[in-house]
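One letter stands for each residue in the lines below.
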Amino acid sequence: MRAVLQRVAQASVTVGDRVVGAIGPGICVLVGICQEDTREDMEYIAKKIIGMRVFDDDSGSMWKKSVLDKGLEVLCVPQFTLYGKTTKGMKPDFHQAMRSSESRQVFDDLVAHLGKLYDPSKIATGEFGAMMQVALVNDGPVTLQLDSRKFSYDVPDPTTATKQAAKNKRREGFAQQQQQQEPTPSSNSEIK
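The protein appears in an unreviewed UniProt entry as D-aminoacyl-tRNA deacylase from Coemansia guatemalensis. The annotation that UniProt attaches to the protein under Sequence similarities (unreviewed entry) is "Belongs to the DTD family."

Asks: Just checking my understanding: could you explain helix 1 (residues 39-51) for this structure?
Replies: Two residues of an α-helix separated by three or four positions point the same way, owing to the 3.6 residues in each turn. Compared with the 18 Å implied by 1.5 Å per residue over 13 residues, the 18 Å span of helix 1 between its first and last C-alpha is a close match. Listing the buried residues of helix 1 in full gives Asp41, Met42, Tyr44, Ile45, Ala46, Ile49 and Ile50. Where helix 1 is buried, its residues contact strand 1 (2-15), strand 3 (26-32), helix 2 (67-70), strand 4 (73-78), helix 3 (100-117) and strand 6 (133-147).

Asks: Which parts of the structure should I look at to understand the packing of aromatic side chains?
Replies: Aromatic ring pairs: the centre-centre distance and the angle between the two ring planes describe each pair. For the coordinates displayed, the defined rule picks out 2 aromatic pairs. Residues phenylalanine 80 and phenylalanine 94 carry aromatic rings whose centres are separated by 5.0 Å and whose planes lie at 65° to one another, so their mutual orientation is edge-to-face. Of this pair, phenylalanine 80 sits in the loop between strand 4 and helix 3 while phenylalanine 94 sits in the loop between strand 4 and helix 3; the two residues are 14 residues apart in sequence, bridging distant segments of the chain. Using a relative accessible area of 48% as the deciding quantity, one classes phenylalanine 80 as partly exposed. On the basis of an interplanar angle of 45° and a centroid distance of 6.1 Å, the ring pair of phenylalanine 107 and phenylalanine 128 is categorised as tilted. Of this pair, phenylalanine 107 sits in helix 3 while phenylalanine 128 sits in the loop between strand 5 (123-125) and strand 6, and the two are 21 residues apart along the sequence. The pair formed by phenylalanine 107 and phenylalanine 128 is uniform in burial state, with each residue classed as buried.

Asks: Even after reading the chapter, I still don't get the side chain of histidine 113, so can you show me in this structure?
Replies: By secondary structure assignment, the location of histidine 113 is in helix 3. Excluding residues that lie within four positions of it along the chain, histidine 113 makes contacts with Arg39, Met42, Glu43 and Ala46.

Asks: Could you clarify how one ought to interpret the nonpolar core in this entry?
Replies: One recurring pattern in soluble globular proteins is that nonpolar side chains are buried together. Core analysis: the biggest nonpolar cluster contains 31 residues, and Ile27, Val29, Ile49 and Val74 have the highest contact counts within it. Among the elements of the structure, strand 1, strand 3, helix 1, strand 4, helix 3 and strand 6 are those that each provide at least two residues to this core. When residues of this core are assigned to their parent elements, the largest contribution, 6 residues, is made by helix 1. Dropping the residues within four chain positions of it, isoleucine 49 is found in contact with Leu5, Ile27, Val29, Val67, Val74, Leu114 and Leu146.

Asks: What's the story with the packing of helix 1 against helix 3 in this structure? I'm lost.
Replies: Each pair of packed helices gets described by two things: the angle between the helix axes and the distance between those axes. At a minimum axis distance of 9 Å, the contact between helix 1 and helix 3 shows a crossing angle of 45°. Of the possible angle classes, the one that applies to helix 1 and helix 3 is oblique. Here helix 1 runs over helix 3; the crossing is right-handed. In this structure, helix 1 contributes Arg39, Met42, Glu43, Ile45, Ala46, Lys47, Ile49 and Ile50 to the contact, and helix 3 contributes Val106, Asp109, Leu110, His113, Leu114 and Leu117. The residue makeup of the contact of helix 1 with helix 3, split by class, is 9 nonpolar, 1 polar and 4 charged.

Asks: Hey, could you run me through the pattern of salt bridges in this one?
Replies: One side chain can pair with another of opposite charge once the charged atoms of both are near each other. Per the stated rule, a full pass over the model turns up 5 salt bridges. Among the salt bridges present, the one from glutamate 127 reaches arginine 18, with a minimum N-O distance of 2.7 Å. Remark: arginine 18 occurs in strand 2 (residues 18-23) and glutamate 127 occurs in the loop between strand 5 and strand 6; sequence separation between them is 109 residues. Glutamate 127 gets classed as partly exposed once you look at its relative accessible area, which sits at 28%. Aspartate 41 is paired through a salt bridge with arginine 149; the nearest N and O atoms lie 2.9 Å apart. One end of the pair, aspartate 41, is in helix 1; the other, arginine 149, is in the loop between strand 6 and helix 4 (158-181), and 108 residues separate them in sequence.

Asks: I keep staring at the side chain of serine 66 and nothing clicks. Help me out?
Replies: Secondary-structure assignment places serine 66 in the loop between helix 1 and helix 2. Sequence-distant contacts of serine 66, that is, excluding residues within four places in its chain, are made with Ile50, Gly51, Met52, Arg53 and Phe55.

Asks: Explanation requested: unusual backbone geometry in the structure shown.
Replies: Trans is the prevailing form of peptide bonds, just as negative phi is the prevailing case for residues other than glycine. In this structure, the amide linkage connecting glycine 140 to the following residue, proline 141, adopts the cis form with an omega of 0°. Looking at the secondary structure, you find proline 141 in strand 6. If you check the backbone angles, tryptophan 63 has positive phi at about 60° while not being a glycine. On the secondary structure map, tryptophan 63 appears in the loop between helix 1 and helix 2. Residue classification places tryptophan 63 among the partly exposed residues on the basis of a relative accessible area of 42%.

Rules and cut-offs
Residues numbered from 1 in each chain as written. Predicted model: local features only at pLDDT ≥ 70, side-chain atom pairs only at ≥ 80, totals over all residues. Heavy atoms only, no water. UniProt positions renumbered as here; feature names shortened; annotations may be inferred. Helix = DSSP H or I, 4+ residues; strand = E, 2+ residues; numbered from the N terminus. Expected span 1.5 Å × (residues − 1). Buried < 20%, exposed > 50% of the residue type's maximum accessible area, 1.4 Å probe, protein only. Contact = heavy atoms within 4.5 Å. Phe/Tyr/Trp six-rings, centres within 6.5 Å; stacked < 30°, edge-to-face > 60°. Core = buried A, V, L, I, M, F, W, Y, C linked by side-chain atoms within 4.5 Å. Axes fitted to C-alpha atoms, helices over the stretch in contact; angles between N-to-C directions. Parallel < 35°, antiparallel > 145°, perpendicular 65-115°, else oblique. Left-handed = near helix turned anticlockwise from the far one by under 90°. Nonpolar A, V, L, I, M, F, W, Y, C, P; charged D, E, K, R; others polar. Salt bridge = Lys/Arg side-chain N within 4 Å of Asp/Glu carboxyl O.

What follows is the structure, given as structure tokens:
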């Protein structure tokens, strides 16, 4: 599960000509759901949303308080395009995103879990499956990416092995280059 968390002075979601969710100071969170997401992913992201320290404390020290600590509001917006793959061609590929028939329940479960961890009256949402206009005033700006698969569990990041192999190859290349540059001792090359 992925989320883009933004600290906001205010935020709202409009569908057509009606506002379906609006908050004052707090956080606006765009939520993407992957085909492989489980309840653990959902709970991890919910905990991060509520607990992420993106606000100053009363003395002005930065990164000390969460939305929970400050009693602020949360606006959650379903955003399947967070799983858009853009590495090939110019058209995004959304095959990693969970189908809307299944992801609607996961999104609803996330909102319900947020309500258990926090005050449900302070949580607003967008409208699942609708064309939405999201308006916000990013305060800072502060924008963070959360990803349940990168930062939790013992599931290895598939790119870790590739990165390590590339690092080892670079090291071998440097070692070979250094050996080629070192002069080799020769018994016949002494100057008399």
